[in-house]
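Each chain, written out:
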Amino acid sequence: MHTLIEKYRNKYAVITGFYGRQGNRFMEYQPQRSIAEKLQMAARTTGCEGVELCYPDDFADPAALRSMIKDLGLGVSALNFRSRRPGQWMRGAWASESAADRQAVIDDCRRLMDIASEMGVDRVTNCPLNDGADMVFEMDYQRAYDHAAAAFEAVASHQKNVRLCIEYKPNEPRARSLFDTAGGTLAFVQMVGSANLGVTLDIGHALAAGERPAQSAALLARAGKLFYVQLNDNDGAFDWDLPPGVLRFWETIEFLHVLPRLGYVNDWCSFDIVPKEFDPVMVYSNSFTGTRKLESIASRIDDVRMAELVRARNPTETMAYLFSLL
Amino acid sequence: MSPWKYCANASFYGLRRDRFTEYQPARSVADKIALIAATPGLSGVELKYPFDFADPALVRSLLQDHQLTLSAVNVDIKDATYFRDGALSASKVEARDKAVSLLREGMDMAAEFGIDLVSTCPLADGHDYPFQTQHQIAWEHFIESVRRAAVHRSDVRLALEFQPHEPHARIMLSNVGKVLYVCQKVGLANVGANFDVGHSFCARENPAESAALLATENRLFYVHSNDNTGEGGDWDMISGSVHFWHWIELLMTLDAVGYRGWIGGDIMPKVFGPDEAYATNHRMVEMMWTLTESFGRERLAELTGKPGAIPALFQQWTETLRAPSTSAIATS
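Parameters at a glance
Residues numbered from 1 in each chain as written. Chains lettered and ligands numbered in written order. Predicted model: local features only at pLDDT ≥ 70, side-chain atom pairs only at ≥ 80, totals over all residues. Helix = DSSP H or I, 4+ residues; strand = E, 2+ residues; numbered from the N terminus. Rg over C-alpha atoms; globule rule 2.2 N^0.38 Å. Buried ≥ 20, exposed ≤ 12 C-beta atoms within 10 Å, placed from the backbone. Contact = placed C-beta atoms within 7 Å. Pairing = 2+ DSSP bridges. Axes fitted to C-alpha atoms, helices over the stretch in contact; angles between N-to-C directions. Arc of directions from axis to C-beta. Nonpolar A, V, L, I, M, F, W, Y, C, P; charged D, E, K, R; others polar. Parallel < 35°, antiparallel > 145°, perpendicular 65-115°, else oblique. Domains from an automatic or database assignment. Right-handed = clockwise from strand over helix to strand, strands pointing away.

What follows concerns the overall build of chain A. A count of helical and extended segments in chain A gives 12 helices and 12 strands. For a compact globule of 326 residues, the expected C-alpha radius of gyration is about 20 Å, and chain A comes in at 20 Å, within 12% of that figure. Taken over the C-alpha atoms alone, chain A extends approximately 60 × 45 × 40 Å along its principal axes. Counting every position in chain A, which comprises 326 residues, the buried fraction comes to 47%. Pairs at least 24 residues apart make up 76% of the contacts formed inside chain A by residues separated by at least 6 positions.

Printed below as a string of structure tokens:
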């Protein structure tokens, strides 16, 4: 008998950016690598079925990119529109006070929507990292939401067969992001009202925002806005981008358990993990294997039994049952 | 006038990075010192060892020319070449030896410049994963390394800067209690704390309480001034821009415990210039101090901690905030 997770198995992808140079405030990790090297590494990664490509970095030669992906037999989970770029749009992208900057963001993201359509990829995702504020009185929040609504609508309406996904995150690099939680981002996309505008749920961002990831996924799915899922882990204090389940073991299992029940099936989960000084191929291979293991634990949950336990709402009984599945 | 001297951490006057972007151009040590000298309110500069001290004679003449004092030598022990798997706590003896010798060199450099303060933030000593560290062994190494550095010379103080996390999900020296533990275990008078107010907020402390604890044990050697949202991110924001009342309580406490050292700005300038960020930070701290003076320091001390006095205390704060003396400062 196939479980839901096995039957409607989601594929796993690598975000190409994490196979090259990564830095933080204090350290640098990994050499810079060409997109060709990154793709070859992804193809060597155990359990990797595809890539999430980063725009503009990976798109210097789109034709060569497409043929490399095809030759390596990789799928494409999504195109990631980077709205933070050194020296560009530093005071906001979608919500910038500068009409020229907003227009540049709209034009560039429309270009990527067109590329996605040509490539047969139905998803463009963006984490609006530049849109937010450090200090109080730095931002007119109402105007920021208005600007962002108009800009996202302009991109979404440009290419209706591609879904545009906003990846929320509570903070970093700004002390406060404009799109900081599942609820706030859902309210925003509902307010904009474009059918192809939705939300990317990065499980680590949900944890860093103090959310219970399965609950956030349910809320987004309930509204038909759970467009994309990214996996990783952290301790809730900051977005450490660690492999799924190394810290938040049970919450990750609960999340993997609910995903197919919310209709997120036969789709992609991309992994957002910083390998630091370790070999990225090894880190992602281990993460994919480990997450499939977590899925197999989740798939042992018997729906009838769990429904009874949830109705009874006796957490000690439920935990005993969960331990029995390990 | 407050009882403190103000200085800047020179690294914030050059190129800064976060995970996603870069801010500010790279600047030479000469340019950094010139910019700090031009920043209103600052009389000192904290420099990094070994990077800023490639030519000590040049540093000496730059400081002289700009009439700046060296506040502290900040020894960097997170360099990935040596300390990828820890520095003071590393399992490899070579890494521990390197960290200890860097600290000793930094202490000698401080003495050469006629000051008695070395600061270090042991950011390489931490972990991301469970099972990544044998904690009992790592802590033994950590304390032994601090002792080996500190015994090098008793005329220079070694200020340890705690920080709860970053770049690792957990840093060993993560809160005020652990600093005090290290000080007690090492048992040398010249080991103490560089108390970074933002790190204290990140560690979910009330900095006034932490500063009082450190001062009571004679371990409050140095203060780094900044602020953040208290949720985990060490945003290095302008002091008092988030935790306004906590900052005022901290200043009151620093004065009460007799701290008369440096208040060193540790502010991330991002896209606005470092001189603007540091000048504003200095002005904000002085304005908060002036508010305690307007309130009346004796009156504030009398009401603080007095059972049932909280309503009266905040009533008087409300009146103080509207007093002419403070509004005059705000517009000056």
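Having seen the structure, we can now continue with the description.
In this section: the overall build of chain B. For chain B, the helix and strand inventory stands at 13 helices and 12 strands. What you see for chain B is a C-alpha radius of gyration of 20 Å, in line with the 20 Å of a compact globule of 332 residues. Counting only C-alpha atoms and orienting by the principal axes, one finds that chain B spans roughly 60 × 45 × 40 Å. Across the 332 residues of chain B, 50% fall into the buried class. Sequence-distant contacts, at least 24 apart, represent 75% of the contacts inside chain B between residues at least 6 apart.

With that settled, consider the pairing of strand 1 (residues 5–9) of chain B. Residue and element names in this part refer to chain B. By the criterion of burial, strand 1 is predominantly enclosed, with four of the five residues buried. Bridge analysis of strand 1 against strand 12 (residues 262–265) gives four bridges, and the strand direction is parallel. From the neighbouring strand, Cys7 faces strand 12, where its bridge partner is Gly264. Summarising the sheet, strand 1 and strand 4 (residues 44–49) pair through three bridges and their orientation is parallel.

Turning next to the environment of Thr200 of chain A. Residues and elements named next belong to chain A. One can find Thr200 in strand 10 (residues 197–202). Residue Thr200 is classed as buried on the basis of its C-beta count, with 28 C-beta atoms lying within 10 Å. Counting along the chain gives 86 residues from Thr200 to Asn286, while the straight-line C-alpha distance between them is 24 Å.

Tyr55 of chain A connects to Pro56 of chain A through a cis peptide bond whose omega is 10°. With respect to the element layout, Pro56 of chain A can be found in the loop between strand 4 (50–55) and helix 3 (62–71). In this structure, Gln67 of chain B takes a positive phi of about 55° despite not being glycine. For Arg204 of chain B, which is not a glycine, the phi torsion comes out positive at approximately 65°. Structurally, Arg204 of chain B can be placed in the loop between helix 7 (197–202) and helix 8 (207–216).

For the rest of this paragraph, the subject is the sheet that holds strand 5 (residues 69–75) of chain B. Whether parallel or antiparallel, the strands of a sheet pair through hydrogen bonds between backbone atoms. All names here are of chain B. Overall, parallel pairing links the eight strands, which are arranged 1-4-5-6-8-10-11-12 in a closed barrel. Taking each pair of neighbouring strands and ignoring which way they run, the sheet shows an average axis angle of 30°. Inspection of the sheet shows strand 8 (residues 157–161) paired to strand 10 (residues 191–196) by four bridges, in the parallel sense. When the sheet's bridge partners are listed, Ala159 is paired in strand 10 with Gly192.

Residue and element names in this part refer to chain A. Along helix 8 (residues 213–222), the residues that are buried comprise Pro213, Ala214, Ser216, Ala217 and Leu220. For helix 8, the arc enclosing every buried residue in end-on projection is 160°, short of the 170-degree limit, so these residues lie on one face. Of the surrounding elements, those touching the buried residues of helix 8 are helix 6 (182–192), strand 10, helix 7 (203–208), strand 11 (226–231) and helix 9 (249–261). Downstream of helix 8 by a residue or two, Gly224 has a phi angle that is positive, lying close to 70°.

Next up on the list: the interface of chain B and chain A. Each partner contributes residues to the interface: chain B has 26 residues there, and chain A has 26 residues. Here the side of chain B that touches chain A is composed, by residue class, of 10 nonpolar, seven polar and nine charged.

Here we take up the sheet that holds strand 12 (residues 268–271) of chain A. Residues and elements named next belong to chain A. The eight strands lie next to each other as 1-4-5-6-8-10-11-12, forming a closed barrel whose pairing is parallel. Strand-to-strand twist of the sheet, defined as the mean angle between neighbouring strand axes without regard to direction, takes the value 30°. With four bridges joining them, strand 10 and strand 11 adopt parallel strand pairing. Each residue of the ladder has a partner; that of Asp202, found in strand 11, is Gln230. Across the sheet, helix 4 (residues 99–119) touches strand 4, strand 5 (75–81) and strand 6 (123–126), and the angle it forms with strand 5 is around 170°.

What follows concerns the packing of helix 8 of chain A against helix 9 of chain A. Residues and elements named next belong to chain A. Interhelical geometry of helix 8 versus helix 9 gives an angle of 25° and a closest axis separation of 8 Å. Considering their axes alone, helix 8 and helix 9 lie roughly parallel with respect to each other. Residues Pro213, Ala214, Ala217 and Ala218 of helix 8 form the contact with helix 9, whose own contacting residues are Glu251, Glu254, Phe255, Val258 and Leu259. Looking at the contact of helix 8 with helix 9 residue by residue, the classes come out as seven nonpolar, no polar and two charged.

The subject of this paragraph is the domain arrangement of chain B. Residue and element names in this part refer to chain B. When cut into domains, chain B gives domain 1 (5–295) and domain 2 (297–332). When each unit is reduced to the centre of its C-alpha atoms, the spacing between domain 1 and domain 2 is 31 Å. If you look at the interface, domain 1 gives nine residues, while domain 2 gives 11 residues. The residue inventory of the side of domain 1 that touches domain 2, partitioned by class, reads five nonpolar, three polar and one charged.

A separate point is the environment of Val162 of chain A. Residue and element names in this part refer to chain A. By secondary structure assignment, the location of Val162 is in the loop between helix 5 (141–158) and strand 8 (163–167). Along the primary structure Val162 and Ala63 are separated by 99 residues, whereas in three dimensions their C-alpha atoms are 20 Å apart. Apart from residues no more than four positions distant in its own chain, Val162 is found in contact with Met113, Ala116, Ser117, Asp122, Arg123, Val124 and Asn196.

Mapped onto the fold, Arg261 of chain A is located in helix 9. When the C-alpha positions of Arg261 of chain A and Leu112 of chain A are compared, they lie 31 Å apart, and in sequence the two are 149 residues distant.

Below, the discussion takes up the pairing of strand 12 of chain A. Remark: a regular strand shows side chains that alternate across the two faces of the sheet. All names here are of chain A. With burial as the criterion, each face of strand 12 is covered, one bearing Trp268 and Ser270 and the other bearing Cys269 and Phe271. Relative to strand 12, strand 1 (residues 11–15) runs parallel, the two sharing four bridges. For Lys11, the partnering residue across the bridge sits in strand 12 and is Trp268. The sheet contact formed by strand 11 and strand 12 spans three bridges and is parallel. Looking across to strand 12, one finds that Gln230 is bridged to Ser270. The parallel pair strand 11 and strand 12 is bridged by helix 9, and the resulting crossover is right-handed.

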